[in-house]
Amino acid sequence: MAVPAIEYFLLAEGQYTLRETIFLEIGAPNLASGTLVSIVSVKYKEYPAHPTTPTTEDVTAIDPLGENVSSNPTTPLTENTLEVDLDEPTELEKTLPYQQQLQTEQVTQNVDLLNSNLSSAQNTPSLSKPLTSNGSIPTSIEGKNDDMFSFLTQNVIKRKKTKNNLTKTTSSFVAKIIQNDNLTKILANRQNEDTYLFFNSGRTFCWVDLTNKPKDPLSKINFTKAHPICHDVNQLTRSCDHLDVIIGFSSGDIIWFDPLCNKYYRLNKQGIINSSSVTMVKWVPGSENLFMASYQDGSVIIYDKEKDDQNFSPATTNEEDGFRVARPSKNGKHNPVSYWQVSKKAVTAFAFSPDCQHVATVSIDGFLRIIDFKQETLFDTYSSYFGGFSCVCWSPDGKYILTGGQDDLVTIWAFREQRIVARCQGHQSWVTGVSFDPWRCDERNYRFGSVGEDTKLLLWDFSVNALHKPKSAGSHRRASLASQSHVTTVLRRNLVEREMIKNTIHPCLPRSEVAILQPVMDKSIDGDPLCSLTFREDSIITTCRKGHIKIWARP
């Protein structure tokens, strides 16, 4: 039965209206994974063709990595030069609109792993040098004797460019690239701020201008031997003439792609490191070169886009379960940088904590695993109520983690308190995507959303103090649970002040002992199963398995 199309939905803050639907007829969709989106915004500023003589305060232009690109007063600035407003919030700060500036600066420093003054985190090693002029990670670390961070701080290789031209490629992996007839003119006339959207559909990877004519792609790449499954844009290296995009494929291949020059480089070619399908790929926050990919075989691999690949076979083990780490060599010149065997079943998704200290992974085996990213050790393990997990995300302040999966539930976990907080009921099929709305979160209240195979978009408002108590057999039982919960919370808080318990496996609690949260909005918004949702300052973006991308304007 077809679901009637809706044009809007209502919430307490107002009406959300369907502003745009993007759907390109580009062949059969990949129904196994569906369509995902990656978004990047770049700001530009027009300068006069013959600028006046600058003052001594104006002789230096700054690129997005903090590098001086012009210190000669006589060198004119080109038109449509990228403008970087040092007083404007960073991309991370935009995702934390309610935090104080001091807290935001601390989070930004942790994410970049580049600041030498991490004074607020005790026993946390600090980088001995600040960000280098080219934005790379300094190569020495203080406060740690072992090889923690060694894969982040090996000798920095001179930045190379993507090698192969897509328009001239003879690769059997790439069928063809179709460019907009006016692409050169469009790029030459860019002004103010451009927002680019990348998405996959079937065997095609598309690039569109979300600000102007999103239904008219700037370019489309057709692939022959594999489906693009997932992708990500490096927010650190973005500029007016350079974008780093990584794309993971069903064949295990990964392509590093710059759409502005149509150049690409292929990693894990023909599965030389891992031949199973890529399930998610993300740039390591604060790094120019490193990115992380999860795989269908239960592994997670850290790559360096500047390194070549070599044959790699991780050591086998007789352990039934366990988190294992392998690295080719301490100063290796080849990928992988680091190899994690997380599960014996597919790792479906992962997410970096806002401070980049931990990574949350979920898998088909029904476990949420939290990994200490610096130490590369397993930190915490939680079990689903039923079946596997498919999606995961962190709250903007790093206090909570959301998961969704085959139990039709969204589950809230308290990271620091190491416990389940609530199960969210509302979906009637598997949950495929979860995300917090950072523009509607504050210190006590959180808005988040979820989408599922039931074609529904659900929005939730969450506050620990407003959670409904779970039903129990009697008042004595309720009092017992409340007292136990209070004692447990106090003990955990005292424990957190000292040190969190590491490598703990938490069993699944019964429904009677976990609070239940109901959605504030429940709408079927598409005729096909939904895949993902993305919150932006002015909109919510949802995608479905057949390739429809819907943009819902905020009130």
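Given the structure is predicted, the values throughout are model-derived calculations rather than measurements.

**So, the overall build of the chain**
- In terms of helices and strands, the chain carries four helices and 41 strands.
- When burial is assessed residue by residue, the chain has 52% of its 555 residues classed as buried.
- Working note: accessible area of the chain is about 26,000 Å², and carbon and sulfur atoms make up 48% of it.

**What to know about unusual backbone geometry**
- Along the chain, Asn 335 connects to Pro 336 via a cis peptide bond; the corresponding omega equals 5 degrees.
- Among the structural elements, Pro 336 can be located in the loop between strand 23 (334-335) and strand 24 (338-341).
- Look at Asn 268: it is not a glycine, yet its phi comes out positive at around 50 degrees.
- Relative to the assigned elements, Asn 268 resides in the loop between strand 17 (263-267) and strand 18 (278-283).

**Regarding the sheet that holds strand 35 (residues 456-462)**
- Taken in spatial order, the four strands line up as 33-34-35-38 in an open sheet, and their pairing is antiparallel. Pairing within the sheet leaves two strands with one partner each, and these edge strands are strand 33 (431-436) and strand 38 (521-524). Taking each pair of neighbouring strands and ignoring which way they run, the sheet shows an average axis angle of 15 degrees.
- Across four bridges, strand 35 lies against strand 38 in antiparallel orientation. From the neighbouring strand, Leu 457 faces strand 38, where its bridge partner is Lys 523.

**What about the pattern of salt bridges?**
- Scanning the entire structure with this criterion turns up 15 salt bridges.
- Arg 419 is the salt-bridge partner of Glu 417, the closest N and O atoms lying 2.6 Å from each other.
- Of the residues examined, Glu 417 reaches a relative accessible area of 16% and is grouped as buried.
- In this structure, the salt-bridge partner of Glu 453 is Arg 545, at a minimum N-O distance of 2.5 Å. In this pair, Glu 453 is assigned in the loop between strand 34 (446-452) and strand 35 and Arg 545 in the loop between strand 40 (539-544) and strand 41 (549-553), connecting sequence segments 92 residues apart.
- Arg 545 gets classed as partly exposed once you look at its relative accessible area, which sits at 22%.
- Because the salt bridges share partners, they merge into one network encompassing Glu 13, Arg 440, Arg 447 and Asp 461.

**Points about the nonpolar core**
- Counting residues in each nonpolar core, the largest one holds 34 residues, and the members touching the most others are Met 292, Trp 340, Phe 352, Leu 368, Phe 373, Val 392 and Ile 401.
- Listed by contribution, the elements that provide at least two residues to this core are strand 19 (290-295), strand 20 (299-304), strand 25 (347-352), strand 26 (358-363), strand 27 (367-372), strand 28 (377-383) and strand 29 (389-394).
- When residues in this core are grouped by element, the largest group, five residues, is from strand 25.
- Apart from the residues lying within four places of it in its own chain, the contact partners of Met 292 are Met 280, Val 281, Lys 282, Val 284, Val 300, Ile 301, Ile 302, Trp 340, Phe 350, Phe 352, Val 359 and Phe 373.
- Counting residues in each nonpolar core, the second largest holds 27 residues, with Val 40, Leu 187, Phe 205 and Val 233 among its members.

**Some points on the pairing of strand 2 (residues 14-22)**
- Sheet topology places strand 1 (residues 8-11) next to strand 2; four bridges connect them, and they run antiparallel. Bridged to Tyr 8 within strand 2 is Thr 17.
- Hairpin connection between strand 1 and strand 2: a loop of two residues separates the two successive antiparallel strands.
- Pairing of strand 2 with strand 41, which is carried by five bridges, proceeds in the antiparallel orientation. When the sheet's bridge partners are listed, Thr 17 is paired in strand 41 with Ala 553.

**What about the side chain of Asp 528?**
- Topologically, Asp 528 is positioned in the loop between strand 38 and strand 39 (530-535).
- With residues up to four places along the chain from it excluded, the contact list for Asp 528 reads Thr 455, Cys 544, Lys 546 and His 548.

**With respect to the packing of aromatic side chains**
- Tallied over the entire structure, the rule returns 26 aromatic pairs.
- When the ring of Trp 340 is compared with that of Phe 373, the centres are 6.3 Å apart and the planes differ by 70 degrees; the resulting orientation is edge-to-face. Residue Trp 340 is located in strand 24, and its partner Phe 373 is located in the loop between strand 27 and strand 28; the two are separated by 33 residues in the primary sequence.
- Given the relative accessible area of 0%, Trp 340 is considered buried.
- When its relative accessible area of 0% is taken as the criterion, Phe 373 is described as buried.
- When the ring of Tyr 382 is compared with that of Trp 413, the centres are 4.8 Å apart and the planes differ by 45 degrees; the resulting orientation is tilted. Here the residue Tyr 382 occupies a position in strand 28, and Trp 413 occupies one in strand 31 (residues 410-414), the gap between them amounting to 31 residues.
- Judged by relative accessible area, which is 5%, Trp 413 ranks as buried.
- Connected via pairs of aromatic rings, a cluster forms that spans Tyr 400, Phe 436, Tyr 446, Phe 448, Trp 460 and Phe 462.

**Things to note about the sheet that holds strand 27**
- With mixed pairing, the five strands of this open sheet are ordered in space as 25-26-27-28-36. Both outer strands of the open sheet, strand 25 and strand 36 (504-506), are each paired with one neighbouring strand and no more. This sheet shows a mean twist of 20 degrees between the axes of neighbouring strands, independent of strand direction.
- Pairing of strand 26 with strand 27 involves five bridges; the strand directions are antiparallel. Bridge pairing links Ala 360 to Ile 370 in strand 27.

**Comments concerning the environment of Leu 24**
- In this structure, Leu 24 sits in the loop between strand 2 and strand 3 (37-45).
- Take Leu 24: its relative accessible area is 13%, and that puts it in the buried class.
- Put simply, Leu 24 and His 548 are 524 residues apart on the chain and 8.1 Å apart in space, counted from C-alpha to C-alpha.
- Not counting residues up to four positions away in its chain, the partners in contact with Leu 24 are Phe 199, Cys 206, Lys 215, Pro 217 and Lys 220.

**A word on the state of the cysteines**
- Under the criterion given, the structure shown has zero disulfides.
- The closest cysteine sulfur to the non-disulfide-bonded Cys 441 is located on Cys 393, 9.7 Å from its own sulfur.

**Details of the environment of Ser 338**
- With respect to the secondary-structure elements, Ser 338 resides in strand 24.
- Distance from Ser 338 to Tyr 303, taken between C-alpha atoms, is 7.3 Å for residues 35 residues apart in sequence.
- Sequence-distant contacts of Ser 338, that is, excluding residues within four places in its chain, are made with Val 300, Ile 301, Ile 302, Val 325, Ala 326, Arg 327 and Glu 376.
- Of note is the side chain of Ser 338, whose polar atom sits 3.4 Å from the side chain of Trp 340.
- Among the polar contacts listed, one links the side chain of Ser 338 to the side chain of Glu 376, at a separation of 2.5 Å.

Quick notes on the rules
Residues numbered from 1 in each chain as written. Predicted model: local features only at pLDDT ≥ 70, side-chain atom pairs only at ≥ 80, totals over all residues. Heavy atoms only, no water. Helix = DSSP H or I, 4+ residues; strand = E, 2+ residues; numbered from the N terminus. Buried < 20%, exposed > 50% of the residue type's maximum accessible area, 1.4 Å probe, protein only. Areas by Shrake-Rupley, 256 points an atom, 1.4 Å probe, with all protein chains shown as cover. Pairing = 2+ DSSP bridges. Axes fitted to C-alpha atoms, helices over the stretch in contact; angles between N-to-C directions. Salt bridge = Lys/Arg side-chain N within 4 Å of Asp/Glu carboxyl O. Core = buried A, V, L, I, M, F, W, Y, C linked by side-chain atoms within 4.5 Å. Contact = heavy atoms within 4.5 Å. Phe/Tyr/Trp six-rings, centres within 6.5 Å; stacked < 30°, edge-to-face > 60°. Disulfide = S-S within 2.5 Å. Polar contact = N/O pair within 3.5 Å; in protein donor to acceptor, adjacent residues only side chain to side chain.

So, to be careful, I would describe these as geometric facts and stop short of saying anything about function.
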